[in-house]
Amino acid sequence: MGSSIKKAVIPAAGLGTRFLPVTRSVSKVMLPVFNIPTIDFAVTELKKSGINSLAIVVSGLNSDIQKYFESVADMQIEFILQEEANGLGDAILQAEKWVNGESFCVILPDDLIIGEAPTIKQMISIHSRHDTAVLALKSVEDERVPFLGIVESQQIDISTHRITKCVEKPKIEDAPSNLAIIGRYIFTNEIFEYIKQTTKGALGEIQITDAINAQAKEKDVYGYEFPEEHFDTGNPAGLLEASIGYAVRYPEKAPGLIKFIKSLNL
Ligand code: UTP
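Rules used in this analysis
- Residues numbered from 1 in each chain as written.
- Predicted model: local features only at pLDDT ≥ 70, side-chain atom pairs only at ≥ 80, totals over all residues.
- Heavy atoms only, no water.
- Core = buried A, V, L, I, M, F, W, Y, C linked by side-chain atoms within 4.5 Å.
- Buried < 20%, exposed > 50% of the residue type's maximum accessible area, 1.4 Å probe, protein only.
- Helix = DSSP H or I, 4+ residues; strand = E, 2+ residues; numbered from the N terminus.
- Contact = heavy atoms within 4.5 Å.
- Salt bridge = Lys/Arg side-chain N within 4 Å of Asp/Glu carboxyl O.
- Disulfide = S-S within 2.5 Å.
- Pairing = 2+ DSSP bridges.
- Near = heavy atom within 4 Å.
- Polar contact = N/O pair within 3.5 Å; in protein donor to acceptor, adjacent residues only side chain to side chain.
- Nonpolar A, V, L, I, M, F, W, Y, C, P; charged D, E, K, R; others polar.

Undergrad: Just to check I follow, could you spell out the nonpolar core for this structure?
TA: What tends to happen in soluble globular proteins is that the nonpolar side chains get buried as a cluster. By size, the foremost hydrophobic cluster in this structure holds 37 residues, and its most contacted members are Leu-46, Ile-56, Ile-65 and Ile-120. Residue assignment for this core shows that the elements contributing at least two residues are strand E1 (7–11), helix H1 (38–48), strand E4 (53–58), strand E6 (104–107), helix H5 (119–130), strand E8 (133–139), strand E11 (179–187) and strand E12 (221–225). Among all residues touching Ile-120, those that are not within four sequence positions of it are Glu-45, Leu-46, Ser-49, Ile-51, Cys-105, Val-106, Ile-107, Arg-184, Tyr-185 and Ile-186. Counting 33 residues, the second-largest nonpolar core is a separate cluster that includes Trp-98, Ala-133, Val-151 and Phe-192.

Structure below.
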């Protein structure tokens, strides 16, 4: 089966409260890792994965995001409005009409993956074989578990899992594993029905994890445990770590950095 994934959605309409005050006037996805906005890394990953049709879900039109992509080549970009920040599930639902019945992928720019092979490309190849939803997975430390979506799964081979359950932000004692969902998803079109059936959670948000959990109870959902380095840039400390990780990987971009870190005598 050839790749059926031609479209991607990037949800970028969140409030970015963890980055206040800068997010009073700058969209969170425009904050840079070194000198590149996190959303730019996501778009590059999509291009490398053969996708050239993108919808960005935004909280207001004519934003800094729209301006940034004004003259981009090799990618058709549509901007879709999410009127209220009702959660990631609701943001994805806004793209239903644009997706038009196809399977599609979603990237969250908060989750930066630095590596040679684009993670979305690997996931598209799993989707092509099984024709199911596919989630990116990473094993995380215990202390990170209560902040993430965690899966129960059976391992099929070195990097592939069959997912039987997902729980959003579990207590460590209730968590089915340490395998966390990282912001890369391939969805079949059925996800929209599962999102519509999902009720708002404690914070008044429609969680995508709840919709995927409902799907996993009825259909096959696969996971791809990716080997590359991952940074959570959704909070200021994580964004700084990503910038340092990036600059250390490309030392020619920041010639004095390692000397500076050594001079701190930590
Ligand atoms: P987060 O859960 O990190 O929320 O969203 P946030 O609003 O961006 O940031 P904080 O928690 O207030 O600091 C994960 C992804 O989902 C998008 C965000 O833009 C981000 O890419 N999102 C979230 C939406 O598009 N709409 C929403 O209603 C919520």
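That covers the picture; the talk isn't over yet.
Undergrad: Quick question: what am I supposed to make of the pattern of salt bridges here?
TA: Side chains that differ in sign of charge can pair as their charged atoms come close. A complete count under the given rule lists nine salt bridges for this structure. Note that Asp-232 and Arg-144 form a salt bridge whose closest N and O atoms lie 3.5 Å from each other. One end of the pair, Asp-232, is in strand E13 (residues 229–232); the other, Arg-144, is in the loop between E8 and strand E9 (149–155), with 88 residues separating them in the sequence. Notably, a salt bridge pairs Asp-220 with Arg-162, separated by 3.8 Å at the nearest N-O pair. Taken together, the positions of Asp-220 in the loop between helix H7 (208–218) and E12 and Arg-162 in strand E10 (residues 160–168) put the pair 58 residues apart, joining distant regions of the chain. Judged by relative accessible area, Asp-220 falls into the partly exposed class, the value being 40%.

Undergrad: Mind showing me how you'd approach the state of the cysteines here?
TA: Disulfides are covalent bonds that link the sulfur atoms of two cysteine residues. Here the structure, examined in full by the defined rule, presents zero disulfides. Lacking any disulfide linkage, Cys-105 is separated from the closest cysteine sulfur, that of Cys-166, by 18 Å.

Undergrad: Looking at this model, I keep getting lost on unusual backbone geometry. Mind explaining?
TA: Leaving glycine out, the prevailing phi sign among residues is negative, and the prevailing peptide bond configuration is trans. Across the junction of Leu-20 and Pro-21, the peptide omega takes the value 10°, indicating a cis bond. The residue Pro-21 is located in the loop between E1 and strand E2 (32–33) in this model. Not every positive phi belongs to a glycine, and Phe-34 is a case in point at roughly 55°. Topologically, Phe-34 is positioned in the loop between E2 and strand E3 (36–37). A positive phi angle is found at Lys-169, which is not glycine, with a value near 45°. With respect to the helices, strands and loops of the structure, Lys-169 is situated in the loop between E10 and E11. Its relative accessible area of 45% is what places Lys-169 among the partly exposed residues.

Undergrad: How do you make sense of the pairing of E6 when you look at a structure like this?
TA: Looking along a regular strand, one sees the side chains alternate between the two faces of the sheet. Burial of E6 is two-sided: the residues Phe-104 and Val-106 facing one way and the residues Cys-105 and Ile-107 facing the other way are all buried. Both E6 and E11 contribute to a ladder of four bridges, which runs antiparallel. Within the sheet, the bridge partner assigned to Cys-105 lies in E11 and is Ile-186.

Undergrad: Just to check I follow, could you spell out the site of the ligand for this structure?
TA: The local shell around the ligand holds 16 residues, among which Pro-11, Leu-15, Thr-17, Lys-28 and Gln-82 are the closest. A distance of 2.8 Å separates an oxygen atom of the ligand from a polar atom in the backbone of Pro-11. In this structure, a nitrogen atom belonging to the ligand sits 2.7 Å away from a side-chain N or O atom of Gln-82. When grouped by side-chain class, the residues that make up the shell around the ligand number seven nonpolar, six polar and three charged.

Undergrad: Would you explain the environment of Ile-56 in this entry?
TA: Take Ile-56: it is sitting in strand E4. The buried category is assigned to Ile-56, whose relative accessible area is 0%. Through-space distance from the C-alpha of Ile-56 to that of Lys-138 is 25 Å; in sequence the pair is 82 residues apart.

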